[in-house]
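# Summary of structural features
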Amino acid sequence: MAEKNIDRRVRVTKMILRDSLIDLMKEKPLHEISIKAICEKADINRSTFYHHYGSQYDLFDDIVKELSISIWRIINVSKLRKDKFITMITDILTYCENNRELFIVLLGANGNFNIGETLAKEIDRFLDRSSKNDIYAYCTQFFSAGITSVLWTWLNKEKRESARDIALMLNAIIMYGIKRAMVLSGNG
């Protein structure tokens with residue numbers, strides 16, 4: 001019983017630190033945020049912070065790691081479904097919408113989460129296209145940057161289209177764009 005309480009307290013403390021950092025990142029970039037400011041915002045002492053993290057960058061990395069794990073779980077579940085790509089994008093967009101405030105901060109001017117590069121790698125992993133030619137790699141990078149931009153725009157709208165509608169639009173753009181690029185490069 002005591003072990004569960006400790007785990008719960010650790011989870012709550014980390015959640016408070018995470019939320020405090022994200023709140024502070026609404027105002028300034030990570031490199032301008034001190035551990036003292038995070039602790040004051042979280043109303044915890046510095047020794048508690050250092051018990052869990054070595055720096056504000058470690059806390060940020062933990063947030064990104066949690067997001068990556070959650071998104072990879074969505075991707076793995078989507079692989080088992082019919083209409084895999086649309087389902088995956090819909091589920092990821094829904095996850096982003098459910099964590100809207102966090103993603104707006106991470107994708108905004110004060111975030112330094114290179115989501116475009118990460119998304120390109122995850123799309124390659126999902127589609128198992130790592131052995132394809134350079135044209136495909138360029139297309140993946142181009143579309144991941146586009147998806148990031150669409151995500152940013154979509155999350156910042158008060159009245160948003162459904163996640164499925166955005167996923168269908170992205171699928172059409174991506175599939176047509178890749179096919180066209182392959183034809184133009186002589187590989188299609």
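Refer to the structure presented above.
Conventions we followed
Residues numbered from 1 in each chain as written. Predicted model: local features only at pLDDT ≥ 70, side-chain atom pairs only at ≥ 80, totals over all residues. Heavy atoms only, no water. Helix = DSSP H or I, 4+ residues; strand = E, 2+ residues; numbered from the N terminus. Buried < 20%, exposed > 50% of the residue type's maximum accessible area, 1.4 Å probe, protein only. Contact = heavy atoms within 4.5 Å. Areas by Shrake-Rupley, 256 points an atom, 1.4 Å probe, with all protein chains shown as cover. Polar contact = N/O pair within 3.5 Å; in protein donor to acceptor, adjacent residues only side chain to side chain. Arc of directions from axis to C-beta. Axes fitted to C-alpha atoms, helices over the stretch in contact; angles between N-to-C directions. Parallel < 35°, antiparallel > 145°, perpendicular 65-115°, else oblique. Left-handed = near helix turned anticlockwise from the far one by under 90°.

## Here's the deal with the overall build of the chain
Regarding its fold elements, the chain presents nine helices and zero strands. Reading the chain from its N terminus to its C terminus gives the helix and strand order α-α-α-α-α-α-α-α-α. Burial status across the chain gives 40% buried among its 188 residues. Sequence separation of at least 24 residues holds for 65% of the intrachain contacts in the chain that already meet a minimum separation of 6. Carbon and sulfur atoms provide 52% of the accessible area of the chain, an area that totals close to 11300 Å².

## Let's talk about the environment of threonine 90
Of note, threonine 90 is situated in helix α5 (residues 84–98). Each residue touching threonine 90, except ones within four places of it in the same chain, is listed here: Ala163, Arg164 and Ala167. Within the structure, threonine 90 has its side chain in polar contact with the backbone oxygen of isoleucine 86 (distance 2.8 Å).

## Comments concerning helix α2 (residues 35–42)
Residues of α2 that are buried include every one of Ile35, Ile38, Cys39 and Ala42, and no others. When α2 is viewed along its axis, its buried side chains cluster within an angular range of 95° and face the same direction. A positive phi of about 60° marks aspartate 43, the residue just after α2.

## Section: the packing of helix α4 (residues 56–78) against α5
At their nearest, the axes of α4 and α5 sit 9 Å apart, and the two run at 150° to each other. Here α4 is positioned roughly antiparallel relative to α5, judged by the angle of their axes. You can see that α4 and α5 cross each other, and the crossing is right-handed. In this structure, α4 uses Leu67, Ser70, Ile71, Ile74, Ile75 and Ser78 to contact α5, whose residues at the interface are Lys84, Thr87, Met88, Asp91, Ile92 and Tyr95.

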